[in-house]
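Residue strings, one per chain:
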Amino acid sequence: MKKLFALLLFFAAFAVHAKTVDIVIRNGTILTMAGPNIAKGGVAIDKGTIVAVGNISGYTGRTTIDATGEAVLPGFINTHTHVPMVLFRGIADDRALMDWLQHFIFPAEAKNVTAEFVKWGTRLGAAEMIESGTTTFTDMYYFEDEVAAEAKRAGLRAVAGETLIDFPAPDNKTWDAAMAYCRSYIKKWQGDPLITPALAPHSPYLVSKEHLIDTRRLANELHAPILIHVSETKAEQKQIAEQHDGLTPAAYLDSIGFLGHDVVAAHGVWLDADDIRIFAEKGVGVAHCPRSNMMLADGIAPVVDMLKGGVNVGIGTDGPAGSGNNLDMLEDTVLAARLQKVAKMDPTALSARKVLEMATIGGAKVLGLDTKIGTLEAGKRADIIIMNLQHVRTQPVYAVESAIVYAATGDDVATTIVDGKVLMRDRKVLTVNVPEAIAKAKQYRDQVEKTLQYHPGS
Ligand SMILES: [Zn+2]
């Protein structure tokens, strides 16, 4: 009897003493993306981890965020971009991919891209991503060690891939130098709580078979993911077929043992039914970049067919110079829905809920990070955004997914949290000196413009 009394006393004491955690978010509409939405719910966060979702009456926070009238959801996961290219925003728009790459981007990169350029570009891009609710980004660029360092500095999660290409790059002038760079870069960052270092061979048309096999070998040895552009344009399909026995880019990569669950293929615009089967079997994830595909008139990726075929598909902005021009994931999320509707002539082809899943847990699956991020569930890392839906453009709200995807913009993100750290609160970015980053961007603009042989607006 005495024992029972003591036990009851213990539970009573426990009930009145709420557990104190780092952050509690209260009174929001919670989109866990793992089940039904929760009206007037909360999230409790401690030491970077989500400890409770929904009813959090047993928790008090050292920081409390009142999310009345706001939506609380997992942060957006950008599965494909080239962040430092923010400093080239608008230098060569309205051109076809090959013309744009060969005659504008590659020459501009050769003249301007340095470690400093990458550092400042990433810093500006980090502020833009934090402001528009991206909590994880997947990057392919040069001097990737700088990208990783800036992501960490800003508090963002990143899968950061060093670009490998068969001509002298701004950082590494030979293939051997690039391989050596990757080896030390990957070893330096592996195990970091925010950064996943990766290998990023540009594409099957700009990296030789021998070098793709080299990359696969190094990825296996170091357990690093691989990021690559695949089946972006019709021209690529034609070139690969001519060079490799009539194969599609996906079939060619499969034939050399390159594909695996650790590969993120950007675009996949021209994947056919066999390619989709190969990607599903090999566990290759696809980064769908609708805005880039529209801008460069590449075509429309068979997203509905990929999803039906069991391929993981996430959303990407692609680079912010000539293919998208900003890093606002919501823009690509809504375009993903609209483009499939028009492609299939079916307004039910992809719903607001489905594209929101692609932008969150779908992206996490593509990156192999779905046990850590992508949903709001106890035990996952706290990568969370809070969207203010009280603005004129989002009122009134009947269906929260519709309000977010079809009415809101990235500017409606009020608060961004990554790994339990608040990076932006009520639109104030806390981890990047934004005026300084903008001032530097203007300096770079003047410097870059002097190296161009043409007028960007012409
Ligand atoms: Zn790209």
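Here's what I pulled together on the structure shown here. As the structure is a computational prediction, the values presented were derived from the model and not from experiment.

1. Re the overall build of the chain
When helices and strands are tallied, the chain shows 15 helices and 17 strands. Along the three orthogonal principal directions, the C-alpha set of the chain runs to about 85 × 50 × 45 Å. A buried classification covers 59% of the 458 residues belonging to the chain. A separation of at least 24 residues holds for 74% of the contacts in the chain among residues at least 6 apart in sequence.

2. Digging into the side chain of Asp 275
If you trace the backbone, Asp 275 turns up in helix α9 (residues 273–282). Of the side chains with opposite charge, Arg 277 lies nearest to the buried Asp 275, which makes no salt bridge, at 7.7 Å. If we ignore the near neighbours within four places in the chain, the residues touching Asp 275 are Thr 248, Ala 250, Ala 251 and Trp 270.

3. Digging into the coordination of the zinc ion
Within the protein, the atoms that donate to the zinc ion are His 80 (NE2), His 82 (NE2), His 229 (NE2) and Asp 318 (OD), at distances of 2.1 to 2.3 Å. Around the zinc ion sit four donor atoms; with metal-centred angles ranging over 87 to 171°, the donor geometry is irregular. Sequence spacing of the donor residues for the zinc ion, all on one chain, is H-x1-H-x146-H-x88-D. Note on accessibility: His 80 and His 82 belong to one class, buried.

4. Some points on empty space enclosed by the protein
Applying the stated criterion across every chain yields a total of two cavities of 30 Å³ or more. Approximately 220 Å³ is the volume attributed to the largest cavity. Around the largest cavity, the lining comprises 20 residues; the ones closest to its centre are His 82, Met 85, Leu 101, His 202 and His 229. Counting only elements with at least two residues in the lining of the largest cavity, the list comes to α2 (97–112) and β7 (134–141). When residues of the lining of the largest cavity are assigned to their parent elements, the largest contribution, six residues, is made by α2. Across the lining of the largest cavity, the residue classes break down as 11 nonpolar, six polar and three charged. As a volume, the second largest cavity reaches approximately 30 Å³.

5. As for the layout of surface pockets
Space inside the largest pocket adds up to approximately 370 Å³. In terms of lining, the largest pocket is formed by 19 residues, of which the most central are Val 86, Leu 87, Arg 89, Leu 124 and Ala 441. Elements with a contribution of two residues or more to the lining of the largest pocket: α3 (115–131) and α15 (434–451). A per-element tally of the lining of the largest pocket places α15 first, with seven residues. When the residues that make up the lining of the largest pocket are grouped by side-chain class, the tally is 12 nonpolar, one polar and six charged. Of the voids in this model, the second largest pocket is the one considered here, and its volume is about 290 Å³. Elements represented by at least two residues in the lining of the second largest pocket include exactly α6 (209–222) and α13 (352–366).

Cut-offs applied
- Residues numbered from 1 in each chain as written.
- Predicted model: local features only at pLDDT ≥ 70, side-chain atom pairs only at ≥ 80, totals over all residues.
- Heavy atoms only, no water.
- Helix = DSSP H or I, 4+ residues; strand = E, 2+ residues; numbered from the N terminus.
- Buried < 20%, exposed > 50% of the residue type's maximum accessible area, 1.4 Å probe, protein only.
- Contact = heavy atoms within 4.5 Å.
- Lys, Arg positive; Asp, Glu negative; His and termini not counted.
- Salt bridge = Lys/Arg side-chain N within 4 Å of Asp/Glu carboxyl O.
- Donors = N, O, S within 2.8 Å, 3.2 Å for Na, K, Ca; no water.
- Tetrahedral: all angles 85-135°; square planar, octahedral: opposite > 155°, others 65-115°.
- 1 Å grid on protein atoms, 1.4 Å probe; cavity = no way out; pocket = protein on both sides within 12 Å on 5 of 7 lines; lining within 4 Å.
- Points joined across faces, edges and corners; volume = space filled by probe spheres on them.
- Nonpolar A, V, L, I, M, F, W, Y, C, P; charged D, E, K, R; others polar.

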